[in-house]
2 protein chains.
Amino acid sequence: MRCEMREDILKKYAALVVRVGINLQPSQPLVIRAPIGCAAFVRALSAEAFAAGAYDVAVHWSDEAFERIRYQNAPMERFEEFPAWRKLFYDDHAGRGAAFISIAASDPDIFSDIAPEKLTAVQLSAGKALADYRNRLMSNRNTWCVVSMPTPAWARKVFPEAAEETAVARLWEEILKAVRITPENDPVAVWKEHIDTLQKRAAFLNQCDFAELHYTNGLGTDLRVELPAGHLWMGGAEHSADGVLFAANMPTEEVYTLPQRGGVNGTVAASKPLHFNGNVIYDIRLTFRDGKVVDHTASRGAEHLKKLIETDEGASFLGEVALVPYDSPISRSNILFYNTLFDENASCHLALGKAYPTCIRGGEDMTEDELRRAGVNDSIVHEDFMIGTEDLSVVGRTRDGRTIRVMEQGNFAF
Amino acid sequence: MRCEMREDILKKYAALVVRVGINLQPSQPLVIRAPIGCAAFVRALSAEAFAAGAYDVAVHWSDEAFERIRYQNAPMERFEEFPAWRKLFYDDHAGRGAAFISIAASDPDIFSDIAPEKLTAVQLSAGKALADYRNRLMSNRNTWCVVSMPTPAWARKVFPEAAEETAVARLWEEILKAVRITPENDPVAVWKEHIDTLQKRAAFLNQCDFAELHYTNGLGTDLRVELPAGHLWMGGAEHSADGVLFAANMPTEEVYTLPQRGGVNGTVAASKPLHFNGNVIYDIRLTFRDGKVVDHTASRGAEHLKKLIETDEGASFLGEVALVPYDSPISRSNILFYNTLFDENASCHLALGKAYPTCIRGGEDMTEDELRRAGVNDSIVHEDFMIGTEDLSVVGRTRDGRTIRVMEQGNFAF
């Protein structure tokens, strides 16, 4: 048994990702980034993409077990040099207007015995080499979608008490629930409605025009986050530069915007462990002053948290503020996925690092300088971490001085 | 069950390939080309390579089932353009002195319903784009080795009556036998002896200094092949430009040299089907005049044979002459592998297309023009086909006029 799934369900899932996730257009190229263990899904996605009129499909295969051998053995300098051919792969496809699907399915602990310096070196060299490609995606100039499927190592971590086969089957069940697929339903129609709900939520928050959000809960969170003038709440789906509506995450339960770069003060406690770079970081606590992290602790994986925050200057500032109700479906499953795609959609979260330029009015067309002046943070990283709890309170102060309760007891108050 | 093999045997096999196959040198980079189903072997090879001092390992993963979807759907023009990033991958690694391991494990029939034009277009575009890289390997400027392991689709074709799991286990058994690995032996020592035997055979043939070989058998073969002045028989292992002894094929049972480009006359009948480009060609018959194929037939797959011969001008001339005794171990197994790496080492064979410049004295340092004048064929293809039978006779005529029986009843006569 190797992550096998009924063919009709896999086809339904693939069709949803191609039609709603990236909303592939006729003659558009597609790039899929996938672990080799997800080949069945890659093939299903490719067949659906061609059925939707794809020009061609290219795959960037990866194998963490092989990468682990490299990290253990290859010299440090090797990780400081990003392969020119791989940069060309991404730049060339992005330049041709490709859509990008990424299958997120990692063994959460696979790199736990690897020197953090090597992992950071890869993040830095990849971040620099792929800056153009990443900027294109984060400004929606190319459509993209992050999705998932179980792999045995990941499933065993999520369901440690179960046999491998059972763990994989259970994880499939949870993933299909999270992406709203049942054997009987029409997931495309279900997603249209779901996207509509999230977009209405975002529209309400935009109407409020908040100047600040104040987070508090029993974990010790007491954080004030200023939002810049012209910030935009988004959710469910977004329009690409060419006007194509696409859903960049499947599942997605969040509405999100960006904070004012220098306007974050106070302390926040993470409510879930964070899977980062093949390692898990537990009990993160961050203290901010004028936007910047001035203190950080973790009960395990603290060295990885430190590396993350020190990646570059922008990595110590926030780049995203996202609201997810505590009673959202993924949250109610009460499963810790050790996979940010799921855990962030079970919980209010923040992100360290780069902000989405699309979250500020006119941001897609601003220069780097203009974005910075508008309060939009930049970094080669963008790392979400979860802060939602069942007692979380978020109180908003609007630009015209009103106070509005945004979240109470972890759920939306409006 | 997915091609699993006892870990100690896989490690032994990997060590043999790394130490004897490519004979990896300290600080040398390694490239592995592999189907995704061979990941366990890729990991074992990588671990052994690092143990031998590799600088780094890069993998070019492939998935035929995915490629089949592309061939079925992507437009013709897509196959006429070879990806620039993939060319850079090979040129960059070759330029850095990398060794190259290729794992040959194909489903022999996978592309049987694909338009031959698309398969040929890929061969042409890849041949042109990767000409530098291929020239480097065929002149031994980089060390390389072709090896194999079972995949389920391939094993089912070789053992059609067996259940998948049994077929894979049987194919493993045959492959390990062919590469001379047993649980108890020291395959590196065994291979040293085996290489020595093949090199002695080559030395004898070199001493003869043949001007012509005359092939005849009951299948209708009656072929005269002139050998150019200065031709060299090789076998078992070769020296790279840097003086590293390496074995480019595992298994290998052949001694081989190159024919005089314009000096092949008569008819030859293939004795085994040929796996070529995801298709199988049966009962090949070729007639040559002054080196060139002037007539060709096949009972099945004739359109693929035609495409092969018409790839470019050199594809209709011979580029290799190889002798394998009919009672060699792989031949005695009496198994049709549908995989040239094994079938060619069970049988005397010829190749259409490019000749190895190393098979003529000083060839590594000759220009293209000089090689052509010396009678060395050039092409973007090099395709072996099997002609050995149990009644094959090969009679040699030496440059000084003597007649020497080279093979009788399929085996060496000396």
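Residues numbered from 1 in each chain as written. Chains lettered and ligands numbered in written order. Predicted model: local features only at pLDDT ≥ 70, side-chain atom pairs only at ≥ 80, totals over all residues. Heavy atoms only, no water.

As recorded by an unreviewed UniProt entry, chain A carries the name Thermophilic metalloprotease (M29) and is attributed to Selenomonas artemidis F0399.

Student: Tell me about the overall build of chain A, and please be specific about residues and values.
Tutor: A count of helical and extended segments in chain A gives 14 helices and 21 strands. On C-alpha atoms alone, chain A measures out to a radius of gyration of 20 Å, which is about the 22 Å that the 2.2 N^0.38 rule sets for 414 residues. With the C-alpha coordinates of chain A rotated into their principal frame, the extents come out at 55 × 50 × 45 Å. A separation of at least 24 residues holds for 76% of the contacts in chain A among residues at least 6 apart in sequence. Total accessible area on chain A stands at roughly 15800 Å², and carbon and sulfur atoms take up 47% of it. Of note, chain A has its 44 positive side-chain charges centred 1 Å away from the centre of its 58 negative side-chain charges. (Helix = DSSP H or I, 4+ residues; strand = E, 2+ residues; numbered from the N terminus. Rg over C-alpha atoms; globule rule 2.2 N^0.38 Å. Contact = heavy atoms within 4.5 Å. Areas by Shrake-Rupley, 256 points an atom, 1.4 Å probe, with all protein chains shown as cover. Lys, Arg positive; Asp, Glu negative; His and termini not counted. Charge placed at Lys NZ, Arg CZ, Asp CG, Glu CD.)

Student: Please provide a residue-by-residue account of the side chain of A:Ser46, values included.
Tutor: By secondary structure assignment, the location of A:Ser46 is in helix 2 (residues 39-51). Setting aside its immediate chain neighbours within four residues, A:Ser46 contacts A:Ile32, A:Val57, B:Phe66 and B:Ile69.

Student: Please provide a residue-by-residue account of the pairing of strand 15 (residues 292-297) of chain A, values included.
Tutor: Residue and element names in this part refer to chain A. Bridge analysis of strand 14 (residues 285-289) against strand 15 gives 5 bridges, and the strand direction is antiparallel. Along strand 15, the bridge assignment pairs threonine 287 with aspartate 295. The turn joining strand 14 and strand 15, which pair antiparallel and follow one another in sequence, is formed by 2 residues; a positive phi near 50 degrees is taken by aspartate 290. (Pairing = 2+ DSSP bridges.)

Student: Pulling in residues and values, what's your account of the packing of aromatic side chains?
Tutor: Tallied over the full model, the rule gives 29 aromatic pairs over all chains. Considering the side-chain rings of A:Tyr71 and A:Phe79, the 5.0 Å spacing of their centres and the 20 degrees angle between planes classify their relative orientation as stacked. Comparing A:Tyr71 with A:Phe79, the two get one shared label, buried. Note on B:Phe100 and B:Tyr133: the rings are 5.0 Å apart at their centroids and 65 degrees apart in plane angle, and the pair reads as edge-to-face. On the criterion of sequence distance, the pair formed by B:Phe100 in strand 3 (residues 99-103) and B:Tyr133 in helix 7 (residues 131-138) is long-range, its members being 33 residues apart. (Phe/Tyr/Trp six-rings, centres within 6.5 Å; stacked < 30°, edge-to-face > 60°. Buried < 20%, exposed > 50% of the residue type's maximum accessible area, 1.4 Å probe, protein only.)

Student: Please set out the sheet that holds strand 14 (residues 285-289) of chain B residue by residue, giving values where relevant.
Tutor: Backbone-to-backbone hydrogen bonds join strands into a sheet, with any given pair of strands oriented parallel or antiparallel. Read across the open sheet, the 8 strands follow the order 15-14-11-6-5-19-20-21 (chain B); overall the sheet is antiparallel. Two strands close off the open sheet at either side, each with one partner strand: strand 15 (292-297) and strand 21 (411-412) of chain B.

Student: I'd like a rundown of the interface of chain A and chain B, residues and numbers included.
Tutor: Facing the 32 residues of chain A at the interface are 32 residues of chain B. Regarding the contact of chain A and chain B, the summed buried area is about 3000 Å², with carbon and sulfur atoms giving 63% of it. When residues of chain A are sorted by the area they lose upon contact with chain B, A:Tyr55, A:Phe66 and A:Trp85 head the list and together hold 22% of the total. On inspection of chain A and its partner chain B, the count reaches 8 salt bridges. (Buried area = accessible area lost by both parts, 1.4 Å probe. Salt bridge = Lys/Arg side-chain N within 4 Å of Asp/Glu carboxyl O.)

Student: Describe the packing of helix 5 (residues 84-95) of chain A against helix 5 (residues 84-95) of chain B, and please don't skip the residues or the numbers.
Tutor: Between two packed helices, what matters for the description is the angle formed by their axes and the separation of those axes. The N-to-C vectors of helix 5 of chain A and helix 5 of chain B enclose an angle of 175 degrees; their axes lie 8 Å apart at closest approach. By the angle between their axes, helix 5 of chain A is roughly antiparallel relative to helix 5 of chain B. Across the interface between the two elements, A:Ala84, A:Trp85, A:Leu88, A:Phe89 and A:His93 from helix 5 of chain A touch B:Ala84, B:Trp85, B:Leu88, B:Phe89 and B:His93 from helix 5 of chain B. Here the residues of the contact of helix 5 of chain A with helix 5 of chain B sort into 8 nonpolar, 2 polar and no charged. (Axes fitted to C-alpha atoms, helices over the stretch in contact; angles between N-to-C directions. Parallel < 35°, antiparallel > 145°, perpendicular 65-115°, else oblique. Nonpolar A, V, L, I, M, F, W, Y, C, P; charged D, E, K, R; others polar.)

Student: Outline helix 3 (residues 64-73) of chain A, supporting the account with residue identities and numerical values.
Tutor: Those residues of helix 3 of chain A that fall on the buried side of the exposure criterion are A:Phe66, A:Ile69, A:Arg70 and A:Tyr71. For helix 3 of chain A, the elements touching its buried residues are helix 4 (76-80) and helix 6 (116-129) of chain A together with helix 2 (39-51) and strand 2 (57-62) of chain B.

Student: Account for the sheet that holds strand 16 (residues 318-323) of chain A, with residues named and values stated.
Tutor: Residue and element names in this part refer to chain A. Spatially, the 5 strands line up as an open sheet ordered 7-10-16-17-18, and their pairing is antiparallel. The open sheet has two edge strands, strand 7 (234-235) and strand 18 (382-386), and neither has a second partner. Sheet topology places strand 16 next to strand 17 (residues 349-353); 4 bridges connect them, and they run antiparallel. Looking across to strand 17, one finds that valine 321 is bridged to leucine 350.

Student: Report on the confidence of the model for chain A, specifying residues and quantitative values.
Tutor: Summarising the model, chain A shows a mean pLDDT of 95, and 99% of its residues fall at 70 or more. For this predicted complex, the interface confidence reaches an ipTM of 0.92, while the overall pTM sits at 0.93. (pLDDT = per-residue confidence, 0-100.)

Student: Break down helix 5 of chain B for me, with residues and values.
Tutor: Relative to the 16 Å expected for 12 residues at 1.5 Å per residue, helix 5 of chain B spans 16 Å between its end C-alpha atoms, a close match to the ideal helical length. Buried residues in helix 5 of chain B make contact with helix 4 and helix 5 of chain A together with strand 1 (30-35), strand 2, strand 3 and helix 7 of chain B. Residue B:Gly97 follows helix 5 of chain B closely and has a positive phi angle near 80 degrees. (Expected span 1.5 Å × (residues − 1).)

Student: Please give an account of the relation of the copies chain A and chain B that cites residues and values.
Tutor: Its rotation angle being 180 degrees, the transformation that places chain A on chain B also includes 0.0 Å of axial translation and leaves an RMSD of 0.0 Å. Seen this way, the second copy is the image of the first under a two-fold rotation axis. Residue A:Trp85, judged by its C-alpha, is the member of chain A lying nearest the rotation axis, at 2.4 Å. Take the interface residues of chain A: 100% of them recur as interface residues in chain B, which is what a same-surface contact looks like. (Least-squares fit on C-alpha atoms with pLDDT ≥ 70 in both.)

Student: Residue-level account of unusual backbone geometry, with values.
Tutor: Residues and elements named next belong to chain A. The linkage connecting methionine 250 with the following residue, proline 251, adopts the cis geometry, with an omega of 5 degrees. A positive phi angle is found at asparagine 140, which is not glycine, with a value near 60 degrees. Relative to the helices and strands, asparagine 140 resides in the loop between helix 7 (131-138) and strand 4 (144-147). Phi angles above zero are rare outside glycine, and glutamine 409 is one such case at about 50 degrees. Tracing the chain through its elements places glutamine 409 in the loop between strand 20 (403-408) and strand 21 (411-412).

Student: I'd like a rundown of the environment of A:Asp196, residues and numbers included.
Tutor: By the secondary structure assignment, A:Asp196 is in helix 10 (residues 187-208). Along the chain, A:Asp196 and A:Ala241 lie 45 residues apart, while their C-alpha atoms are 20 Å from each other.

Student: Tell me what's going on with the pattern of salt bridges, and back it up with residues and numbers.
Tutor: Pairing is possible between side chains that carry opposite charge, provided their charged atoms lie close to one another. The final tally for this structure, using the stated rule, is 54 salt bridges over all chains. One salt bridge connects B:Glu48 with B:Lys11, and the closest N-O pair in it is separated by 3.0 Å. Of this pair, B:Glu48 sits in helix 2 while B:Lys11 is found in helix 1 (residues 7-21), placing the two residues 37 residues apart along the sequence. Residue classification places B:Glu48 among the buried residues on the basis of a relative accessible area of 8%. In this structure B:Lys11 comes out as partly exposed when scored by relative accessible area, which is 49%. Here the salt bridges do not stand alone but share partners, grouping A:Asp56, A:Asp92, A:Arg96, B:Glu67, B:Arg70, B:Arg78 and B:Glu81 into one network.

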